[in-house]
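Residue strings, one per chain:
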Amino acid sequence: YLFHFIQNFLRPYMKINVYVADESHIKYAQEICDLVYVSAQERGTGIAKRTPEYIAQKMKYGKAVIALTETGELAGFAYIETWSHTLFVANSGLIVAHKYRNTGLAKRIKREVFNLSRRKYPDAKIFSITTGAAVMKINSEMGFRPVPFSELTDDAEFWAGCQGCKNFDILERNNYRMCLCTGLLYDPDEKKNKKNINRKNNEKSRFSIQWWFRHLL
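Residues numbered from 1 in each chain as written. Predicted model: local features only at pLDDT ≥ 70, side-chain atom pairs only at ≥ 80, totals over all residues. Heavy atoms only, no water.

Peer 1: So what's going on with the packing of aromatic side chains? Which residues, and what values?
Peer 2: Applying the stated criterion to the full structure yields eleven aromatic pairs. Centre to centre, the rings of Trp83 and Phe158 are 5.5 Å apart; their planes meet at 70 degrees, and the pair counts as edge-to-face. Here Phe158 lies in helix 6 (residues 156-160) and Trp83 lies in strand 3 (residues 74-83), a separation of 75 residues in the sequence. Judged by its relative accessible area of 9%, Trp83 is buried. Both rings, one in Phe114 and one in Tyr186, keep their centres 4.9 Å apart while their planes meet at 80 degrees; by these two values the pair is edge-to-face. Taken together, the residues Phe114 in helix 4 (residues 105-120) and Tyr186 in strand 7 (residues 182-186) connect sequence positions 72 residues apart. (Phe/Tyr/Trp six-rings, centres within 6.5 Å; stacked < 30°, edge-to-face > 60°. Helix = DSSP H or I, 4+ residues; strand = E, 2+ residues; numbered from the N terminus. Buried < 20%, exposed > 50% of the residue type's maximum accessible area, 1.4 Å probe, protein only.)

Peer 1: Account for the pairing of strand 7, naming residues and giving values.
Peer 2: Of all five residues that make up strand 7, four are buried, and the element is covered over most of its length. With five bridges joining them, strand 5 (residues 125-130) and strand 7 adopt antiparallel strand pairing. Considered in strand 7, the bridge of Ser128 is made with Leu184. Here strand 6 (residues 145-147) runs beside strand 7; their pairing, made up of three bridges, is antiparallel. In the sheet register, Arg145 faces strand 7, and the bridge partner there is Leu185. (Pairing = 2+ DSSP bridges.)

Peer 1: I'd like a rundown of the pattern of salt bridges, residues and numbers included.
Peer 2: This model, assessed by the stated rule, comprises nine salt bridges. The salt bridge partner of Lys107 is Glu141, with a shortest N-O separation of 3.1 Å. Of this pair, Lys107 sits in helix 4 while Glu141 sits in helix 5 (residues 133-141); the two residues are 34 residues apart in sequence, bridging distant segments of the chain. In this structure, Arg173 engages Asp169 in a salt bridge whose closest nitrogen and oxygen atoms are separated by 2.6 Å. Taken together, the residues Arg173 and Asp169, both in helix 7 (residues 168-173) and four residues apart, mark about one turn of the helix. A single salt-bridge network, built from bridges that share partners, covers Lys107, Lys137 and Glu141. (Salt bridge = Lys/Arg side-chain N within 4 Å of Asp/Glu carboxyl O.)

Peer 1: Give a description of the side chain of Ser84 that names residues and reports values.
Peer 2: Note that Ser84 resides in the loop between strand 3 and strand 4 (88-96). A polar side-chain atom of Ser84 sits 2.6 Å from a polar atom in the side chain of Thr153. The contacts of Ser84, once residues within four sequence positions are left out, are Thr153, Asp154 and Asp155. (Polar contact = N/O pair within 3.5 Å; in protein donor to acceptor, adjacent residues only side chain to side chain. Contact = heavy atoms within 4.5 Å.)

Peer 1: Which residues make up the nonpolar core, and what are the values?
Peer 2: In this structure, Ile32, Ile55, Met59, Ile66, Phe77, Leu105 and Ile109 are the most contacted members of the largest nonpolar core, which totals 40 residues. Within the residue set of this core, elements represented by two or more residues are strand 1 (16-20), helix 2 (29-43), helix 3 (52-60), strand 2 (64-69), strand 3, strand 4, helix 4 and strand 7. Here this core takes six residues from strand 3, the largest share from any one element. If near-sequence neighbours (up to four positions away) are discounted, Ile55 is found in contact with Ala29, Ile32, Cys33, Arg50, Phe77 and Tyr79. In this structure, Trp83, Phe88, Phe127 and Phe149 belong to the second largest nonpolar core, which totals 14 residues. (Core = buried A, V, L, I, M, F, W, Y, C linked by side-chain atoms within 4.5 Å.)

Peer 1: Now, about unusual backbone geometry: what can you tell me, with residues and values included?
Peer 2: Apart from glycine, the bulk of residues carry a negative phi angle, and the bulk of peptide bonds sit in the trans form. We note that His85 has phi near 60 degrees; this positive angle belongs to a residue other than glycine. With respect to the element layout, His85 can be found in the loop between strand 3 and strand 4. Looking at His85, the relative accessible area reads 79%, which means it is exposed. A positive phi angle, near 65 degrees, is found at Tyr176, a position not held by glycine. Along the chain, Tyr176 falls in the loop between helix 7 and strand 7.

Geometric descriptors of this kind do not, in isolation, establish any biological role.
Structure representation (structure tokens):
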């Protein structure tokens, strides 16, 4: 009993590595699906169901991120999907094993899957839909903004993926315009425009300071 108590106490402090998943991680596919199911039950909210084959495919093509302890225990997972001919990339399926929550792991996984999306599809808009307040906070810190579903992909296949969610009937009744989930969007063009505006404002400020400096002297 004491051994298990110490083991459980130390678990959050174990070294956890976050990787871009590959074929060597396919053995975790079923466990990931089980973890998603348990999490949905715990939260009492909807999480779209995925099959082990679907998860394995994401791993095979380098479109997933997995978190493992130094002993090889599954700690978390997330994956990416492309929609509307890669105009949109969805960061989906973020899940953290219960005993590794509140350790900052969700943010690490989210950051890694976001960076993976940017590397693979630098011009795509990145989006996520979630009911989780913690995920919303992480997304907001990374530059995502809440948006109506009309600003997300209109790809019917994406929305069909919500059929495994217990709240799908709410989405259907609202003609796919709203649900219990919040839509979050990162638009790289908006970030570029904002940087350009800031740069121009800085140039104007420098010019103004230089002008006054010259004329006052």
